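Structure at a glance
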Amino acid sequence: MDCVFCKIAASEIPADILYQDEQVIAFRDINPQAPVHVLIIPRKHIPSVVELSEAESSLVENMVSIANQLAVKEGVSESGYRLVINCGEQGGQLVPHLHLHLLGGRQLAGELG
Ligand code: 5GP
Ligand code: ZN
């Protein structure tokens with residue numbers, strides 16, 4: 001499958017990986033929007049949150065938990081951070097493989113869109 005995040009998960013293209021386990025992998029965004037910008041993705045190709053089944057709800061819990069742990073490691077848990085999942089065209093999703101953005105290290109804009 002021609003999916004850039006599947007290729008990162010399969011080590012076919014390089015990424016600055018901060019965390020991985022059998023289900024989830026986290027790496028720095030190639031075009032960071034903040035001093036800390038990490039993407040947390042499932043290894044499994046799930047196109048977006050719309051395609052998440054009820055059975056996979058624990059996956060999102062794990063992704064959020066890993067994001068929280070990475071926020072501590074990246075030194076932004078005290079100053080604050082933002083977790084974002086874009087979904088679909090108008091949601092601003094460019095890569096069609098579910099991912100959670102962890103953004104921090106600067107004052108983020110108050111408006112969401
Ligand atoms: P989206 O707009 O889909 O929510 O976010 C996709 C994110 O993936 C963007 O922030 C973009 O910079 C990042 N991205 C796209 N291609 C690559 C890549 O090959 N490597 C890494 N590390 N990040 C990527
Ligand atoms: Zn994929």
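Overview of the structure. (Residues numbered from 1 in each chain as written. Chains lettered and ligands numbered in written order. Predicted model: local features only at pLDDT ≥ 70, side-chain atom pairs only at ≥ 80, totals over all residues. Heavy atoms only, no water.)

**Thoughts on the site of ligand 1**
In the vicinity of ligand 1, 17 residues are found, and the nearest of them are D29, G92, L94, H99 and H101. In the model, a nitrogen atom of ligand 1 is placed 2.9 Å from a nitrogen or oxygen of the R28 main chain. L94 places a main-chain nitrogen or oxygen 2.6 Å from an oxygen atom of ligand 1. When ligand 1 sits alone it has 520 Å² of accessible area, and the protein chains cover 84% of it. Structurally, ligand 1 is housed in the largest pocket. Secondary structure elements with two or more residues in the shell around ligand 1: α1 (4-9), β2 (24-28) and β3 (36-42). Of the residues forming the shell around ligand 1, the biggest block, 3 residues, is contributed by α1. Here the shell around ligand 1 is built from residues that sort into 8 nonpolar, 7 polar and 2 charged. (Near = heavy atom within 4 Å. Polar contact = N/O pair within 3.5 Å; in protein donor to acceptor, adjacent residues only side chain to side chain. Areas by Shrake-Rupley, 256 points an atom, 1.4 Å probe, with all protein chains shown as cover. 1 Å grid on protein atoms, 1.4 Å probe; cavity = no way out; pocket = protein on both sides within 12 Å on 5 of 7 lines; lining within 4 Å. Sits in = over half its atoms within 2 Å of the grid points. Helix = DSSP H or I, 4+ residues; strand = E, 2+ residues; numbered from the N terminus. Nonpolar A, V, L, I, M, F, W, Y, C, P; charged D, E, K, R; others polar.)

**Observations concerning the coordination of the zinc ion (ligand 2)**
Looking at the zinc ion (ligand 2), one finds its protein donor set to be C3 (SG), C6 (SG), H45 (ND1) and H97 (ND1), positioned 2.0 to 2.3 Å from the metal centre. On the primary sequence, the residues serving as donors to the zinc ion (ligand 2) are separated as C-x2-C-x38-H-x51-H. Placement of C6 in helix α1 and of H45 in the loop between β3 and α2 (57-73) is noted, with a sequence separation of 39 residues between them. The class of C6 is buried, set by a relative accessible area of 17%. Classification of H45 by relative accessible area gives partly exposed; the value is 25%. (Donors = N, O, S within 2.8 Å, 3.2 Å for Na, K, Ca; no water. Buried < 20%, exposed > 50% of the residue type's maximum accessible area, 1.4 Å probe, protein only.)

**Re the environment of Q33**
Its location among the elements puts Q33 in the loop between β2 and β3. As for Q33 and G88, which are separated by 55 residues in sequence, their C-alpha atoms are 19 Å apart. Not counting chain neighbours up to four residues away, the residues in contact with Q33 comprise L103 and R106. A polar side-chain atom of Q33 sits 2.9 Å from the main-chain carbonyl oxygen of N31. (Contact = heavy atoms within 4.5 Å.)

**Let's talk about the layout of surface pockets**
Its volume calculated, the largest pocket comes out at about 750 Å³. In terms of lining residues, the largest pocket is bounded by 32 residues, among which D29, Q33, H37, L39 and H101 are the most central. Elements with a contribution of two residues or more to the lining of the largest pocket: α1, β2, β3, β4 (81-84) and β5 (100-104). Its residues assigned to classes, the lining of the largest pocket shows 17 nonpolar, 9 polar and 6 charged. (Points joined across faces, edges and corners; volume = space filled by probe spheres on them.)

**Focus: the nonpolar core**
Formed by 16 residues in total, the largest nonpolar core has its most connected members in V24, V38, I40, M63, L70 and L102. Those elements that place two or more of their residues in this core are β2, β3, α2 and β5. For this core, the element with the highest residue contribution is α2, accounting for 6 residues. Contacts of L102, omitting those with residues within four sequence positions, involve V36, H37, V38, I40, A67, L70, A71, Y81, R82 and L83. Counting 10 residues, the second-largest nonpolar core is a separate cluster that includes C3, C6, I8 and V95. (Core = buried A, V, L, I, M, F, W, Y, C linked by side-chain atoms within 4.5 Å.)

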